[in-house]
Structure formats: C-alpha cells, structure tokens
2 protein chains.
Amino acid sequence: MKALFKTAGQAYKAHHALPPDAGTIADVNHDNVVKTISPDWVDGETKVMESPADHGQDLRLWLRLLTCSTLIEGEIRRRLREQFDCTLPRFDLMAQLERAKAGMVLGELSKRMMVSPGNITALVERLVESGHVTRTVSAADRRVQIIALTSFGRAEFEKMATAHADWIAELFDVITAREGQILFDRLGKLKRSVVTALARD
Amino acid sequence: MKALFKTAGQAYKAHHALPPDAGTIADVNHDNVVKTISPDWVDGETKVMESPADHGQDLRLWLRLLTCSTLIEGEIRRRLREQFDCTLPRFDLMAQLERAKAGMVLGELSKRMMVSPGNITALVERLVESGHVTRTVSAADRRVQIIALTSFGRAEFEKMATAHADWIAELFDVITAREGQILFDRLGKLKRSVVTALARD
DNA sequence: CAAAAAAACTTTAGGCTTGAAATAGTTTTC
DNA sequence: GAAAACTATTTCAAGCCTAAAGTTTTTTTG
C-alpha cells in the first residue's frame, strides 16, 4: 500500500460553466475579458461540456464532492482561527491525542492524520512550545517520541470540540437523519471504490 | 457574503475509533502507548463515541465526506506530479483558463478557484515563467491583469485533462450511474445547506 | 556478532495558502 | 476637480505540506 500524501490546494473545475445558483453574472467588458459581478466566491462546479465515455457524471460528482468539503473545511478553519486562534492541523492533532490517554507515537499520528511524518515534527514542535502537548523519548526504544496532551491542551481542546460539533450541526442544518444516512452509506461505497482502486496500484 | 479562504490541512477526526475496514490492529506496547501494525495510512473516521445532542451523525457524515475527498484529491495530486510533473493548483488554474478564450482577470481566477488573490499572484508568476500562461495589463483599466493560456499551456493542459478524467472514472469505478445521481443530488442539498448557513453569517 | 536492512524521526528545498497591510489606479462625492 | 471611497493586485510573515535525503537506533541475517 502506498503512502497518500497531500499538499495544499484546490481541484479540477474546468470544462464547466457557472452554476446558475451561484448568482454570478458573466459578461464581456471592453477588453473582451470575462468579468463577474457580485459574490465573493464562485465555484466552477457545473455541467461538463463534453463527455468522452460518459466520464462526465463522475467528474461532475467529484467536483460537487470537492466543493462541499472545501466549503465546510474553509468555514471550520475560519471559525477555529477567529474564535480560538487555532489552525485545523493543530485541532486535528489534539483530536487524535484526546483519546490516547497514554500518548501516541509520532508515526502513528502521521498515519492517522494522513500527512507526512516530516510535517508532524514541526506541528508538534509548535504545540509543545504553546504548552498544549508534551514530547517524550520512549525508554524502550530511543528512536520513538511519545506525544501527549497536557491538561491545558486537553481543556483547550474540549472547548473547541464542543463548538466544532455545533458548527457541523449548523452547516448540515437541512439534512435530515434519513438523508444523512443515505449520504453516509453511498459515500461509504465510494470510499471503498477509491480504496480498492488505490490498492490496485 | 464573506470570503472563504483555506490554508492547507486535515480535519477533525477525534471521538472516533479505528474503522474495522482499515485493517489496523491497535494494541499497547511496553510504553503503554498505542501502536499500530500494518497499513500506510489509517483514517480516523468512524463511530462517534458520545453524541451530545445527536450531533454524532452529522460529525460522522462530515468525517466520511472529508475522508473521501482527501483520498481522491491526494491521489490526483500524486499522479499529476508523477506523470506530468504538475501540481494541482497549476492544473486548476489552467483548467479555469481553458474555457476563457480571451483570458481571465486575476481577481476572477481567485474567485473561481476560491483562493486568496495573493495566492494567485505567485502561482501565475510560476506559470508565466514555465511558459504556460501570459499576463497582460489591461489597456482599459491599468489595475487589471489579464491572464491567458499560451498554446503550449493549452496543449499541456489537454493532455492532463484527458488523463484526469480517466483517473476519476477509475476511482469511481464501482459507483453506478444511478448511485452517482443520488449522491450528486444529496450533495447538492448539502451544498445548499452549507451555503445558506454561511450566508446567515 | 558484525554487517545489512529496517524503522522512527528530522532536515531541507520548494510550493501552496492565508490574513493583513501596502500600493496603485479608478470612481464617487461634495 | 480634489478628497474620499473603492477596487485590483502585490507584498509579507507565518504556517502547512510534500518528497527526498540524512540521522540515529533497533532488528534481522549471514
């Protein structure tokens, strides 16, 4: 099984016209350049113009999936920063640690967070500095670092976790339990499809 | 409407046990630290342990949604890099430009890609340097930069777009047209839910 | 047991991303 | 028509992220 690293970024949104629900009015100005009036953002997600072997539907679905998670993730990030002066990676790392009472090895954090080990090094360093976590060399294996939440870190995390759950509930407002279940199940199948494809190399 | 910026990162995966399908065996070693054996990555997505006011389902759904898009995005990124020595943001930007024959204003690119304007500046700079796009000051409004694909950039993009569509089709392999449609529709409702919540400020 | 392989991290170079502050050009207002 | 407000973009500091190469320590193997 190969490693799955990610950088930052966005995704493929070409071959698509503007969505009618985005409220954007596209027209041509003096320079013959596309310009829009009004909202702060516009997602490129919409109808695929050509569909080679009906890859179009998959592409459309992928774009919508990506738009949803980008939108939600961005908002969570923003609120975390504004209300708790915290970043998502920091929150995430503490979340992983929260259930590991005895602490967690750095490599395990890396796997669970699906980010590269080198990344965790610096992230942990900053969290140690701000007093949220501790880092201890294992007595049994001196290569190993054990990371654990401090009581301060735990208290801070608790506050954020509560707010976070509320935010998600707010954003998912109009989704009923039944719809949520359908989405959950279908996404489960998609996840398996992706994992299978990835395992095929 | 507020701006929606994002940094890089992952998301909240706490309050969750390991998924049985991840193939991970968690146990406690000499240090009393959680260690796992086996795969390269483990997603933290799974059953929410406590559910305050049944925020649990939303949280679960969000986590699964995020896992799906992280997995897919990571793989697309990896292939783009390996097979075309290109990053996702570069590909994305070219994708936006591809349909704007006359070019696009920098600010419009920023909106469509849902990233901050300052980001586009550097991205465009690198694409100009590698000969994929051109940057021209508008004659009508000297504040404005018009960005357009070069024919080289267009040719390169075409190759990548074809491969990209195939990759998505491959990853979405087992999803049927009908299931895809259901997912698409439900995600559409979710998107509206999020956009509405965001518009409420 | 010594050499080789493996494992857990860290370091490095380079790209992406943001929010905030600065710059420059355009439009509005009085 | 000058001052004020607005708009498009750039610059900056800081953080996140990766792949690849390097370090130290442990395990495996001949």
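Residues numbered from 1 in each chain as written. Chains lettered and ligands numbered in written order. Predicted model: local features only at pLDDT ≥ 70, side-chain atom pairs only at ≥ 80, totals over all residues. Heavy atoms only, no water.

Chemist: What should I look at first to understand the overall build of chain A in this one?
Modeler: Counting its regular elements, chain A contains six helices and five strands. Counting from the amino terminus, helix and strand elements in chain A follow one another as β-β-α-α-β-α-α-β-β-α-α. The buried share of chain A, reckoned over its 201 residues, is 57%. Contacts spanning at least 24 positions in sequence make up 54% of the contacts within chain A whose residues lie at least 6 apart. As displayed, chain A has an accessible area near 8,600 Å², and 52% of this comes from carbon and sulfur atoms. (Helix = DSSP H or I, 4+ residues; strand = E, 2+ residues; numbered from the N terminus. Buried < 20%, exposed > 50% of the residue type's maximum accessible area, 1.4 Å probe, protein only. Contact = heavy atoms within 4.5 Å. Areas by Shrake-Rupley, 256 points an atom, 1.4 Å probe, with all protein chains shown as cover.)

Chemist: What exactly am I supposed to notice about the packing of helix H2 (residues 88-98) of chain B against helix H3 (residues 106-113) of chain B here?
Modeler: All names here are of chain B. For the pair H2 and H3, interaxial distance at closest approach is 10 Å and the crossing angle is 115 degrees. Of the two elements, H2 crosses H3, and the hand of that crossing is right-handed. For the pair formed by H2 and H3, the contact residues are Pro89, Asp92, Leu93, Gln96 and Leu97 on the first element and Leu109, Arg112 and Met113 on the second. Residue composition of the contact of H2 with H3, grouped by class: five nonpolar, one polar and two charged. (Axes fitted to C-alpha atoms, helices over the stretch in contact; angles between N-to-C directions. Left-handed = near helix turned anticlockwise from the far one by under 90°. Nonpolar A, V, L, I, M, F, W, Y, C, P; charged D, E, K, R; others polar.)

Chemist: Looking at this model, I keep getting lost on the pairing of strand E5 (residues 145-149) of chain B. Mind explaining?
Modeler: On a regular strand, each side chain points to the face opposite its neighbour's, so the side chains alternate between the two faces of the sheet. Residue and element names in this part refer to chain B. With four of five residues buried, E5 is to be regarded as a mostly interior element. The pairing of strand E3 (residues 104-105) with E5 spans two bridges and is classified as antiparallel. Note on E5: the bridge partner recorded for Val105 is Ile146. Pairing of strand E4 (residues 133-137) with E5, which is carried by five bridges, proceeds in the antiparallel orientation. Bridging across to E5, Val137 finds its partner in Gln145. (Pairing = 2+ DSSP bridges.)

Chemist: Would you take a moment to explain the pattern of salt bridges for this structure?
Modeler: Side chains that differ in sign of charge can pair as their charged atoms come close. Tallied over the entire structure, the rule returns 20 salt bridges over all chains. Asp141(A) serves as the salt-bridge partner of Arg143(A), at 2.7 Å between the closest nitrogen and oxygen. For Glu108(B), the salt bridge goes to Arg112(B), with nearest N and O atoms at 2.6 Å. Pair noted here: Glu108(B) and Arg112(B) are both in helix H3, with a separation of four residues, about one helical turn. Exposure class is identical for Glu108(B) and Arg112(B). Each is buried. (Salt bridge = Lys/Arg side-chain N within 4 Å of Asp/Glu carboxyl O.)

Chemist: Which parts of the structure should I look at to understand the packing of aromatic side chains?
Modeler: Centre-to-centre distance and the angle between the planes together describe a pair of aromatic rings. Across all of its chains, the model carries four aromatic pairs over all chains by this definition. Both rings, one in Phe84(A) and one in Trp167(A), keep their centres 6.2 Å apart while their planes meet at 50 degrees; by these two values the pair is tilted. Here Phe84(A) is found in helix H1 (residues 56-84), whereas its partner Trp167(A) is found in helix H5 (residues 151-171), with 83 residues between them in sequence. Looking at Phe84(A), the relative accessible area reads 26%, which means it is partly exposed. The cationic tip of Arg64(A) hangs over the ring face of Phe184(B); the distance from NZ or CZ to the ring centre is 3.8 Å. (Phe/Tyr/Trp six-rings, centres within 6.5 Å; stacked < 30°, edge-to-face > 60°. Lys NZ or Arg CZ within 6 Å of the ring centre and 35° of its normal.)

Chemist: Before we go on, may I ask you to explain the nonpolar core in this structure?
Modeler: Among soluble globular proteins, nonpolar side chains are generally buried collectively. Ile72(A) and Ile72(B) are the most contacted members of the largest nonpolar core, which has 98 residues in total. Look past the residues within four positions of Ile72(A) in its chain and what remains in contact with it is Ile168(A), Leu171(A), Phe172(A), Trp62(B), Leu65(B), Leu190(B) and Val194(B). (Core = buried A, V, L, I, M, F, W, Y, C linked by side-chain atoms within 4.5 Å.)

Chemist: Help me understand unusual backbone geometry, please; the structure alone is not making it clear to me.
Modeler: Residues other than glycine predominantly adopt negative phi, and peptide bonds predominantly adopt the trans conformation. Residue and element names in this part refer to chain A. For Asp85, which is not glycine, the phi dihedral falls at a positive 50 degrees. With respect to the secondary-structure elements, Asp85 resides in the loop between H1 and helix H2 (88-98). Its relative accessible area of 67% is what places Asp85 among the exposed residues.

Chemist: Which parts of the structure should I look at to understand the packing of H2(A) against H5(A)?
Modeler: Helix-helix packing: each pair is described by the crossing angle between the helix axes and the interaxial distance. Residues and elements named next belong to chain A. Orientation of H2 relative to H5, taken along the N-to-C sense of each, is 110 degrees, at an axis distance of 10 Å. As far as their axial angle goes, H5 and H2 are roughly perpendicular. Residue-level contacts link Phe91, Met94, Ala95 and Glu98 of H2 to Gly153, Arg154, Phe157, Glu158, Met160, Ala161 and His164 of H5. For the contact of H2 with H5, the class distribution of residues is six nonpolar, two polar and three charged. (Parallel < 35°, antiparallel > 145°, perpendicular 65-115°, else oblique.)

Chemist: Explanation requested: the confidence of the model for chain A in the structure shown.
Modeler: Do not read the predicted coordinates in detail wherever pLDDT is low. In this model, chain A carries an average pLDDT of 79, and 72% of its residues clear a pLDDT of 70 or more. Scored below 50 in pLDDT, residues 1-39 of chain A makes 132 contacts in the model with residues more than four places away or belonging to other chains. (pLDDT = per-residue confidence, 0-100.)

Chemist: Please explain H2(A) as it appears in this structure.
Modeler: Three- or four-residue spacings in an α-helix give side chains the same orientation, since the helix completes a turn every 3.6 residues. All names here are of chain A. In terms of burial, H2 is largely enclosed, as eleven of its eleven residues are buried. Listed as buried for H2 are Leu88, Pro89, Arg90, Phe91, Asp92, Leu93, Met94, Ala95, Gln96, Leu97 and Glu98. Taking the backbone nitrogen of Arg90 as reference, a side-chain oxygen 3.3 Å away marks Thr87 as the first, capping residue of H2. (Polar contact = N/O pair within 3.5 Å; in protein donor to acceptor, adjacent residues only side chain to side chain.)

Chemist: Looking at this model, I keep getting lost on H1(A). Mind explaining?
Modeler: Its 29 residues place the ends of H1(A) 41 Å apart at the C-alpha level, agreeing with the 42 Å of an ideal helix rising 1.5 Å per residue. Count one or two residues on from H1(A) and you reach Asp85(A), which has phi positive near 50 degrees. (Expected span 1.5 Å × (residues − 1).)

Chemist: Looking at this structure, how should I read the environment of Leu61(B)?
Modeler: Looking at the element boundaries, Leu61(B) is found in helix H1 (residues 56-84). Leu61(B) gets classed as buried once you look at its relative accessible area, which sits at 2%. Here Leu61(B) is in contact with Phe172(A), Gly180(A), Leu183(A), Phe184(A) and Leu187(A), once residues within four sequence places are set aside.

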